[in-house]
Amino acid sequence: MNSSTRASVLVGLMSGTSTDGVSAAVARFDSAPDGRTTVELIAHLARPYSASQRDRILRAMEGASPAEYCRLNFDLGAWLADAALEVLAQGNIPLTQVRAIATHGQTIWHEPVHSTWQLGEAAVIAERTGIDVVSDFRVRDIAAGGQGAPLVPVADALLFAPELGWRALQNLGGIGNVTVVPPRNSLAGVRAFDTGPGCAVIDGVTRTYFPELPYDVGGALAARGRVIEAVVEEALRHPYFAAPPPKSTGRELFSARYIEHFVRACCLAEAGTTPEDAIATAVALTARTVGEAYRRFVPEPVGEVLLSGGGARNPTLVAALAAELDPCQVRLFDGLYFDGEAKEAVAFAFLGLLHLERRTGNLPAVTGARGARVLGKLTPAS
């Protein structure tokens, strides 16, 4: 490392719309005098939620008592703190070397332009770890008239841009989102928005038929199914898909009720519909929403698409996306950088670094906010 390069180690914590668990990453950021930043992933882990933890989170999204919201906020803080301590131990990183923990928390409700709510008490994390915590990233953008999402694009543009040509970074968490970045770490011309469902509908349909499974492991069930095109076409008529960016969505739309309706539509569309058919149809819906979003709202000459998130581990979904996005080259994020499962946690670690350096974290052209804002709230350890 050049003596003029500044290094910072941060922990990023992400609990996404898939509600699988906490993704925790320790990342080292090296900031050069010319403004460029490089990142090294030191350690990463995925800490799954237990069945009871996940059930509490999902029930809270549908509506809970004030007492339960209060308790869940503190309990989530403890779960997040445990993940941070575990990943630091895995990376053999002393707590004193960590500049801050940046936590996304768990979204309970997200209403673009009006309000957003993430649980996971930062004070609990600070008390249990003894490390400063940056949290609550989305609220400032929404207070400034923005969507509050997506926020990862600033990291995509400054950390993962190609040297030549345009690149799309497609995340496939519970919700799908894309960032289109120009070459050479420029923020000019960055385009980003939520494409629609990532794994939320696929996972929900899978658990409807196979409650013992957290998701369609390896895409094996969908691979045996037959796509019911009429159901996909009907689902694509939802106004969200035709609405132009800036836009974001979440489980408020792709909810348990949405999944129930989707499963019922599959069963009514054709006699003899199998569980595998319904899951294959959910995969086709996700792939089509991504493809349609690119065709409608991505005019840039994108040459390659990098996939990350849980959906990138589903070969059936990856194959469907490759067919939808042809002739773009579809690749896994892992092949160029590091484990794609860590990407969003690393991105929020970077947003935490931007907060500490009083640098803006939102892109108004992406979120629709009135201007650039420093995102997050700082909870000092002592």
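The structure we're discussing is the one just above.
This write-up is about the structure you can find in this document.

Each value, and the rule that gives it
Residues numbered from 1 in each chain as written. Predicted model: local features only at pLDDT ≥ 70, side-chain atom pairs only at ≥ 80, totals over all residues. Heavy atoms only, no water. Helix = DSSP H or I, 4+ residues; strand = E, 2+ residues; numbered from the N terminus. Rg over C-alpha atoms; globule rule 2.2 N^0.38 Å. Buried < 20%, exposed > 50% of the residue type's maximum accessible area, 1.4 Å probe, protein only. Contact = heavy atoms within 4.5 Å. Areas by Shrake-Rupley, 256 points an atom, 1.4 Å probe, with all protein chains shown as cover. Expected span 1.5 Å × (residues − 1). 1 Å grid on protein atoms, 1.4 Å probe; cavity = no way out; pocket = protein on both sides within 12 Å on 5 of 7 lines; lining within 4 Å. Points joined across faces, edges and corners; volume = space filled by probe spheres on them. Nonpolar A, V, L, I, M, F, W, Y, C, P; charged D, E, K, R; others polar. Core = buried A, V, L, I, M, F, W, Y, C linked by side-chain atoms within 4.5 Å.

The number of helices and strands found in the protein is 14 helices and 12 strands. Compactness check: the protein gives a C-alpha radius of gyration of 20 Å against a globular reference of 21 Å for 382 residues, within 12% of the reference. Dimensions of the protein, computed from C-alpha atoms along their principal axes, come out at roughly 65 × 50 × 40 Å. Here the protein holds 382 residues, and 57% of them are scored as buried. Taking the contacts inside the protein whose residues are at least 6 apart along the sequence as the reference set, 70% of them involve residues at least 24 apart. Carbon together with sulfur atoms contributes 54% to the accessible area of the protein, which is approximately 15200 Å² in total.

With 23 residues, helix α11 (residues 275-297) ought to run about 33 Å at 1.5 Å a step, and its terminal C-alpha atoms sit 33 Å apart, in line with that. Taken across its 23 residues, α11 has 19 buried, putting it largely inside the fold.

Inspection of the entire model under this criterion finds two cavities of 30 Å³ or more. For the largest cavity, the calculated volume is near 40 Å³. Thr195, Phe241, Lys247, Thr289, Glu292 and Ala293 together form the lining of the largest cavity. Per-element accounting of the lining of the largest cavity gives the leading share, three residues, to α11.

Its volume calculated, the second largest pocket comes out at about 190 Å³. Around the second largest pocket sit 13 residues that line it, and Gln118, Gly120, Ala122, Ser135 and Asp136 are the ones nearest its centre. Broken down by secondary-structure element, the contributors of at least two residues to the lining of the second largest pocket are β4 (100-111) and β5 (115-119). Classifying every residue of the lining of the second largest pocket gives three nonpolar, seven polar and three charged.

Turning next to the nonpolar core. Within soluble globular proteins, side chains that are nonpolar generally end up buried alongside one another. Counting 47 residues, the largest nonpolar core has Val205, Phe262, Tyr294 and Val305 as its most contacted members. Among the elements that make up this core, the one with the highest residue count is α11 (12 residues). Leave out the neighbours within four places in its chain, and Val205 touches Ile259, Phe262, Val263, Ala278, Ile279 and Ala282. If you look at the next biggest cluster of nonpolar residues, it comprises 38 residues, including Leu10, Phe137, Ala345 and Leu354.

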